[in-house]
Amino acid sequence: MSYRVALVCLGNICRSPMAHVVLEDRLVRAGLDDRVQVASSGTGGWHAGDGMDRRAAAVLRDAGYDPSRHRARTFTIDWYAENDLLLAMDHTNRADMLALAPTVPQMSQVRMFREFDPEASGDDDEVPDPWYGGSDGFRDVLAMIERTTDRLVSALPEMMDSARR
């Protein structure tokens, strides 16, 4: 049985694909890559089929990751059936996801990505969109994603056990 995690942002060219690449890397390191599948998408479809934003890809490459395989996808109602855990990058993304829900989703299925960030506070639980800024914003987002992903990976075994029950 595979546990399926999806990361969702607006266009699927910056935040969610960065988190996708980092999560896959961390799953390999933790020996969970054969038990957890990762996908990412955007709530808006205008970038579908495109590669990652060049600035996001450059920041990932500079940090030793491979961003080359990403192609943007659009979040649809089908993602509810296809994934066990849906992680939104911000509250607008989460609201857009919930608006497409076929029924009232279990709150454990749709969560904020930064719920797992050890540095997040109650009012500061969004991954900021770096698209309108410069390289520093992408580096800041990568640091946020890395620490959040580390905590997420440590929580996944228990989440997977709960899903089997």
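Each remark here, short or long, concerns the structure printed above.
Residues numbered from 1 in each chain as written. Predicted model: local features only at pLDDT ≥ 70, side-chain atom pairs only at ≥ 80, totals over all residues. Heavy atoms only, no water.

## Quick notes on the overall build of the chain
Thought 1: In terms of regular secondary structure, the chain is built from five helices and four strands.
Thought 2: Element order for the chain, N to C, with α for helix and β for strand: β-α-β-α-α-β-α-β-α.
Thought 3: Within the chain, the fraction of its 165 residues that count as buried is 47%.
Thought 4: Counting only contacts in the chain whose residues sit at least 6 apart along the sequence, the fraction spanning at least 24 positions is 75%.
Thought 5: Roughly 8,100 Å² of accessible area belongs to the chain as shown, and the carbon and sulfur atoms make up 47% of that amount.
Thought 6: Treating the 19 positive side-chain charges of the chain as one cloud and the 27 negative ones as another, the clouds have centres 3 Å apart. (Helix = DSSP H or I, 4+ residues; strand = E, 2+ residues; numbered from the N terminus. Buried < 20%, exposed > 50% of the residue type's maximum accessible area, 1.4 Å probe, protein only. Contact = heavy atoms within 4.5 Å. Areas by Shrake-Rupley, 256 points an atom, 1.4 Å probe, with all protein chains shown as cover. Lys, Arg positive; Asp, Glu negative; His and termini not counted. Charge placed at Lys NZ, Arg CZ, Asp CG, Glu CD.)

## So, unusual backbone geometry
Thought 1: Of note, the phi angle at Asn12 is positive, near 60°, even though the residue is not glycine.
Thought 2: Here Asn12 lies in the loop between β1 (3–9) and α1 (15–30).

## A closer look at the layout of surface pockets
Thought 1: Taken as a whole, the largest pocket spans an internal volume of roughly 250 Å³.
Thought 2: The wall of the largest pocket is formed by 15 residues, among which His20, Val21, Glu24, Arg69 and His70 lie closest to the centre.
Thought 3: Looking at the lining of the largest pocket, the elements with two or more residues in it are α1 and β2 (36–42).
Thought 4: In the lining of the largest pocket, the residues fall into four nonpolar, five polar and six charged. (1 Å grid on protein atoms, 1.4 Å probe; cavity = no way out; pocket = protein on both sides within 12 Å on 5 of 7 lines; lining within 4 Å. Points joined across faces, edges and corners; volume = space filled by probe spheres on them. Nonpolar A, V, L, I, M, F, W, Y, C, P; charged D, E, K, R; others polar.)

## A look at the pairing of β2
Thought 1: The buried count for β2 comes to six of seven residues, which makes it a mostly enclosed element.
Thought 2: In terms of strand pairing, β1 meets β2 through seven bridges, oriented parallel. Bridged to Val5 within β2 is Val38.
Thought 3: In this view, the connection linking β1 to its parallel neighbour β2 by way of α1 has right-handed handedness. (Pairing = 2+ DSSP bridges. Right-handed = clockwise from strand over helix to strand, strands pointing away.)

## Examining the nonpolar core
Nonpolar side chains in soluble globular proteins tend to be buried together.
Thought 1: Of all hydrophobic cores here, the largest spans 38 residues; its most connected members are Met18 and Leu156.
Thought 2: Of all the secondary-structure elements, those providing two or more residues to this core are β1, α1, β2, α2 (54–62), β3 (85–88) and α5 (135–164).
Thought 3: Here this core gets ten residues from one element, more than from any other, and that element is α5.
Thought 4: Excluding residues within four positions of it along the chain, Leu156 makes contact with Tyr3, Val5, Leu27 and Val36. (Core = buried A, V, L, I, M, F, W, Y, C linked by side-chain atoms within 4.5 Å.)

## Here we look at the packing of aromatic side chains
Thought 1: For the structure on display, the rule yields three aromatic pairs.
Thought 2: Taking the centre distance of 6.0 Å and the plane angle of 35° together, the rings of Phe75 and Trp79 count as tilted.
Thought 3: Each ring, one from Phe75 and one from Tyr80, has its centre 5.7 Å from the other, and the planes form 80°; the classification is edge-to-face.
Thought 4: For Phe75, a relative accessible area of 3% gives the class buried.
Thought 5: Through a chain of ring-to-ring contacts, three or more aromatic side chains come together here, namely Phe75, Trp79 and Tyr80. (Phe/Tyr/Trp six-rings, centres within 6.5 Å; stacked < 30°, edge-to-face > 60°.)

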